[in-house]
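Listed here are the chains, written in short residue letters.
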Amino acid sequence: MKIFHSINDFIPIVIGTTKKTVLTLGTFDGVHVGHKKILERITQKNAKNDSESLVLTFFPHPRMVLEEKSDLKLLNTLSEKIELLEKIGLENLVIHPFDEKFSKLTAQEFVKTVLVDRFNIKKIIIGHDHRFGINRSANIDDLITYGKQYNFEVEQISVQEIEAVSVSSTKIRKALQEGNMNLANEYLGYNYFLSGTVFEGKQLGRTISFPTANLKIEENYKLIPRNGVYVVKSILNKKIVFGMMNIGFNPTVKGENLSIEIHYFDFDANLYGQKIAVDLLQFIRAEQKFESVTLLKQQLEKDKITALEFLHKL
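Worth saying up front: this structure is predicted, and the values here are computed from it rather than measured.

Bringing the pattern of salt bridges into the picture now. Counted by the stated rule, this structure contains 12 salt bridges. For Glu153, the salt bridge goes to Lys123, with nearest N and O atoms at 3.9 Å. With a gap of 30 residues between them, Glu153 in strand S8 (residues 153–157) and Lys123 in strand S7 (residues 121–127) connect regions that are remote in the sequence. Glu153 gets classed as partly exposed once you look at its relative accessible area, which sits at 44%. Its relative accessible area of 19% is what places Lys123 among the buried residues. A salt bridge links Arg285 to Asp303, with the shortest nitrogen-to-oxygen separation between them at 2.8 Å. Of the two residues, Arg285 is situated in strand S14 (residues 275–286) and Asp303 in helix H11 (residues 293–312); the sequence distance between them amounts to 18 residues. By the burial criterion, Arg285 is buried, and Asp303 matches it.

See the structure below:
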């Protein structure tokens, strides 16, 4: 997959010939099963093989730019989204920096200067409710009219197809904020994951036989699920390793900052400085404050039993 970090960076020239593109556009936060219905269509090859698939997405998220004091949290960091899109088999990904200037393009300007002149569009595949142009003033009917004017095809994802999947990034965010991992992961089509760098913490876990890897996530826009204890999975040193993770403020020891700590089962290696990804499989319980560290340890032992029982059923 070729990655371009601006619309202007994309040049549709392949071995001396100008290839057309079959494209779709959107924020694709989560790259969930609903998104994949559209994305898989643009990767389908025609008999002539005279076009390439292209996804146009934006960063930062348009709502972060256009809404004052937006507190929107995203399901994927930019690097995570790139990783997920690459797995689908796309040929071209254009990540355009979204700003107020871009948001003020008229529908006509967007179609002519971006879709036609820059992307050499052959076909666009889009949801029935897609809106574009300044103030989201144009709709699918306008796009079809432009298609006739500039000689490109518009394929519409019907309302019936979208409703059959019944998935949205908003629904997934809500499920994660409630700790409903079963629903969130079903909608995503994969396990929700956190990725970051392991750093050295206070090492309290070692004193109670529950050593943890402390995860630092640089991107403050990444959605962190409900505070509490989870069953998790990672690939460490090329092996699948299971464990349990706590998200919260460690109230028992009067923690002040949100922390993400993973205790891996049957694993002992130095992970400091390593970038890891943690799949969230199941929510066990909400964060609790205990009267002593001894009581905390007793609860962690119960949590481990619960986690192992869950894993045995997989």
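Don't stop here, the text continues.
With 6 of its 7 residues buried, S7 lies for the most part within the structure. Here strand S4 (residues 20–25) pairs with S7 via 3 bridges, running parallel. In the strand pairing of S7, Leu23 is matched with Ile124. As paired elements, S7 and S8 share 5 bridges and run parallel to each other. Counted as the bridge partner of Gly127 is Ile157 from S8.

Here we take up the nonpolar core. Counting residues in hydrophobic clusters, the biggest one holds 48 residues, and the most contacted among them are Leu194, Met245 and Tyr264. The contact partners of Met245, leaving out residues within four places of it in the chain, are Leu194, Gly228, Val229, Tyr230, Val232, Ile260, Glu261, Ile262, Val278 and Leu280.

Moving on: the sheet that holds strand S1 (residues 2–4). In spatial order, the strands read S1-S6-S5-S4-S7-S8; together these 6 strands make up an open sheet with parallel pairing. Of all the strands in the sheet, just S1 and S8 have a single pairing partner and so form its edges. Across the sheet, the mean angle from the axis of one strand to that of its neighbour is 20 degrees, orientation sign disregarded. Contacts from helix H1 (residues 33–42) reach S4, strand S5 (51–59), S7 and S8 within the one sheet, and its direction differs from that of S4 by about 175 degrees.

On the surface, Leu204, Val253 and Val293 cluster together into a nonpolar patch covering about 180 Å² of accessible area. Among the structural elements, Leu204 can be located in helix H10 (residues 204–207).

Within strand S13 (residues 259–264), 6 of the 6 residues are buried, which leaves the element mostly enclosed by the surrounding structure. Pairing of strand S10 (residues 213–216) with S13 involves 2 bridges; the strand directions are antiparallel. Its bridge partner lying in S13, Asn214 is registered against Glu261. The pairing of strand S12 (residues 239–248) with S13 spans 6 bridges and is antiparallel. Bridge assignment links Ile247 to a residue of S13, and that residue is Ile260.

Parameters at a glance
Residues numbered from 1 in each chain as written. Predicted model: local features only at pLDDT ≥ 70, side-chain atom pairs only at ≥ 80, totals over all residues. Heavy atoms only, no water. Salt bridge = Lys/Arg side-chain N within 4 Å of Asp/Glu carboxyl O. Helix = DSSP H or I, 4+ residues; strand = E, 2+ residues; numbered from the N terminus. Buried < 20%, exposed > 50% of the residue type's maximum accessible area, 1.4 Å probe, protein only. Pairing = 2+ DSSP bridges. Core = buried A, V, L, I, M, F, W, Y, C linked by side-chain atoms within 4.5 Å. Contact = heavy atoms within 4.5 Å. Axes fitted to C-alpha atoms, helices over the stretch in contact; angles between N-to-C directions. Patch = residues over 30% accessible without salt bridge, like charges linked within 9 Å, V, L, I, M, F, W, Y side chains within 5 Å. Areas by Shrake-Rupley, 256 points an atom, 1.4 Å probe, with all protein chains shown as cover.

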